[in-house]
Amino acid sequence: MPFTSYLKKDEKMFLFNTSKSKGLQKRLVKFFPDTFIPKKSKVNFPYSLKMLQNATVVSSWFNGINGKVKAVGLFGERVDLDSAFEHYKNIGELSAITLELESEHGSKPFEVMITKFFGVILYTNWELKKDLDFLLELKTLLLHEEVLNKNTD
C-alpha cells in the first residue's frame, strides 16, 4: 500500500504517514544498517501529562493488566482526573491517550492520539503541511529527554 514519508535530514527524523511502518522499518535496517538505526523507546506519559495539564484527556488505553480483562479503554472529558484512571494506571500500562487540543492551525479544538511508541494520530482534515507543522511542534514535547523512557524492556 503506498504512503507518504518525510525525511528531515538535519534532525535525522523520518516521518511515515501510514498506519503500519514496522515492515518498512525492518527493511530499512536490513538494507541500510549503517545509516538507518532506529532507537527504541516509549513515551513517558506521566511527564507528558504533567506538561499538558491544560489539555483535556478524552480517552486513555491501558494494557498489560493481569486478570480476566487484559486491556481497558476509558472515555470522557478529563478521564485522567477520574479514580478509574489511577486504578488502571496502578495495575496496567498506559498505552495511549487521546487529547483535545487547541492549535494555531485550526479555529476549533481537535483531537490527537499519542501511543506509547510515539504513534501520533491526528483527527483533523488539515492539509499535509499543517499536519507536518503540528507534528514538528509536538516533537518538542514527545522527544524531550525527560519524556523518553530508557527502560523499554
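Residues numbered from 1 in each chain as written. Predicted model: local features only at pLDDT ≥ 70, side-chain atom pairs only at ≥ 80, totals over all residues. Heavy atoms only, no water.

(A) The arrangement of the nonpolar core in detail. Counting 25 residues, the largest nonpolar core has Leu99, Ile114 and Phe134 as the members making the most contacts within it. For this core, the secondary structure elements donating two or more residues are helix H2 (45-51), strand E4 (56-63), strand E5 (72-75), strand E6 (93-101), strand E7 (110-115) and helix H4 (128-142). Discounting residues that sit within four places of it in the chain, Ile114 has contacts with Val43, Phe45, Ser95, Ala96, Ile97, Leu99, Gly119, Leu138 and Leu142. (Core = buried A, V, L, I, M, F, W, Y, C linked by side-chain atoms within 4.5 Å. Buried < 20%, exposed > 50% of the residue type's maximum accessible area, 1.4 Å probe, protein only. Helix = DSSP H or I, 4+ residues; strand = E, 2+ residues; numbered from the N terminus. Contact = heavy atoms within 4.5 Å.)

(B) Just the sheet that holds strand E8 (residues 120-123), in detail. Strand order in this open sheet of 5 strands is E5-E4-E6-E7-E8, and the pairing throughout is antiparallel. The outermost strands of the open sheet, each flanked by one partner alone, are E5 and E8. Strand after strand, the sheet turns through a mean of 15° between neighbouring axes, direction not considered. Relative to E5, E4 runs antiparallel, the two being bridged by 4 bridges. Its bridge partner being in E5, Ser59 is matched across the sheet by Phe75. Of the strands in this sheet, E6, E7 and E8 are in contact with H4, which crosses E8 at around 135°. (Pairing = 2+ DSSP bridges. Axes fitted to C-alpha atoms, helices over the stretch in contact; angles between N-to-C directions.)

(C) Structural context of unusual backbone geometry. Positive phi, normally seen in glycine, also occurs at Arg78, with a value near 60°. In this fold, Arg78 is placed in the loop between E5 and helix H3 (83-91). Despite not being glycine, Phe118 shows a phi value in the positive range, around 70°. Within the fold, Phe118 resides in the loop between E7 and E8.

(D) The pairing of E8, seen in detail. In the sheet, E7 pairs with E8 via 4 bridges, with the strands oriented antiparallel. Considered in E8, the bridge of Glu111 is made with Tyr123. Linkage of E7 to E8, two consecutive antiparallel strands, is achieved through a turn of 4 residues, within which Phe118 is found at a positive phi near 70°.

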